[in-house]
Amino acid sequence: MRIGIFDSGLGGLTIYRTVRERLPAYDYLYLGDSARTPYGNRSFEAILKFTTEGVEYLFSRDCHLILIACNTASAKALRTIQQKLLPAKYPDKRVLGIIRPSAEALAQKSAGSNVALWATEGTVRSESYPLELAKLAPNLHLAQLACPMLVPLVESGELEGSGLDYFLNLYWRKTLALSSRVDALLLACTHYPLLYPAIRKIIPPETEILIQGDIVAPSLEDYLRRHPEIETRLSRNGKEDFLTTDQTEGFDRLASLFLGRTVTAMRAEISP
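Computed from a predicted structure; not experimentally measured.

Asks: Got a minute to help me understand the overall build of the chain in this structure?
Replies: Helix and strand content of the chain: 13 helices and 10 strands. Against the globule reference of 19 Å for 272 residues, the chain gives a C-alpha radius of gyration of 18 Å, in line with a compact fold. Considering only C-alpha atoms, the chain reaches an extent of 50 × 40 × 35 Å along its principal axes. Residues counted as buried form 57% of the 272 residues belonging to the chain. When contacts within the chain are restricted to residue pairs at least 6 apart in sequence, long-range pairs at least 24 apart make up 77% of them.

Asks: Would you mind going over the packing of aromatic side chains with me for this structure?
Replies: What describes a pair of aromatic rings is the distance from one ring centre to the other and the angle between the planes of the rings. By the definition in use, this model includes 10 aromatic pairs. Taken together, a centroid distance of 5.7 Å and an interplanar angle of 45 degrees make the contact between Tyr-39 and Phe-50 tilted. In this pair, Tyr-39 is assigned in the loop between strand E2 (28-32) and helix H2 (44-60) and Phe-50 in helix H2, connecting sequence segments 11 residues apart. Across the pair, Phe-50 and Tyr-39 agree in class, each one buried.

Asks: How do you make sense of unusual backbone geometry when you look at a structure like this?
Replies: Peptide bonds are mostly trans, and most non-glycine residues show a negative phi. The omega angle of the peptide bond from Thr-37 to Pro-38 is 0 degrees, so this bond is cis rather than trans. Positionally, Pro-38 belongs in the loop between E2 and H2. Positive phi, normally seen in glycine, also occurs at Glu-127, with a value near 60 degrees. Within the secondary structure layout, Glu-127 lies in the loop between helix H6 (121-126) and helix H7 (128-136). Taking relative accessible area as the criterion, Glu-127 reaches 38% and is therefore assigned partly exposed.

Asks: How should I be thinking about the pairing of strand E5 (residues 114-119) in this particular structure?
Replies: Look at any regular strand and the pattern is simple: side chains alternate between the two faces of the sheet. The buried fraction of E5 amounts to 6 of the 6 residues, a majority that puts the element mostly inside the structure. By the alternation rule, side chains of E5 split into Asn-114, Ala-116 and Trp-118 and Val-115, Leu-117 and Ala-119, which are all buried.

Asks: What exactly am I supposed to notice about the environment of Ser-235 here?
Replies: For Ser-235, the position within the fold is in the loop between helix H12 (228-231) and strand E9 (240-244). According to the relative accessible area criterion, Ser-235 is buried, its value standing at 18%. Spatially, the C-alpha atoms of Ser-235 and Leu-131 are 36 Å apart, while their sequence positions differ by 104 residues. Apart from residues no more than four positions distant in its own chain, Ser-235 is found in contact with Met-1, Arg-2, Ala-25, Tyr-26 and Asp-27. Here Asp-27 takes part through its side chain, which lies 2.7 Å from a polar atom of the side chain of Ser-235.

Parameters and conventions
- Residues numbered from 1 in each chain as written.
- Predicted model: local features only at pLDDT ≥ 70, side-chain atom pairs only at ≥ 80, totals over all residues.
- Heavy atoms only, no water.
- Helix = DSSP H or I, 4+ residues; strand = E, 2+ residues; numbered from the N terminus.
- Rg over C-alpha atoms; globule rule 2.2 N^0.38 Å.
- Buried < 20%, exposed > 50% of the residue type's maximum accessible area, 1.4 Å probe, protein only.
- Contact = heavy atoms within 4.5 Å.
- Phe/Tyr/Trp six-rings, centres within 6.5 Å; stacked < 30°, edge-to-face > 60°.
- Polar contact = N/O pair within 3.5 Å; in protein donor to acceptor, adjacent residues only side chain to side chain.

Shown next as structure tokens:
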């Protein structure tokens, strides 16, 4: 019984990389819906449909615990899946997201702090982070900014250079226009950690940069510790497999960039 990792494409590999480094004993199956990426500008209905299909596919491949390693899918599909799909069809299985633990990490900042996040348009429009922080830390001041050019730059391999610096400076200026002081910046898109060195050069050292993999991995470890009824059912052979709904050659090439090692994926045919 494996841990499933679902993402709209490749970005979730930054989450998976950190999770596997922290929890190497378990067996993992990663599914990237690369044929229908990006999710960021899709409708709520489309994202719910695609995410549900991906989750059910992973269930059919012996995944009893699934982590949706995508901010947009976590924002727009997770709650419906947890509240409707699981009780009706899969009461013994669990699906987790990455927004709640990320919001909890922001909520640990002292009251009155100014925090910001960079994300896709879909994540920002969902208002998921403001809703979570309103419950967890109502005294925090949150500025959200959609950064639509960063994902294409990452997937084009543009991890440094003047073109990237132009957009990072642009987005930082826009962030400061929303909040004159930023104590912490959450990179709330799973592609963005690959840009961390370039982002760190642009953003002043007094601003803390939060990377989701560093938040989600210990959160998942804590979840497994608190839920032995799930943890004891998971197989422990240290194996990993990768699936993509698109052509495997392109996935393999970009996945190697995300993981820093060679990846060989298989094609997944997901039926509605």
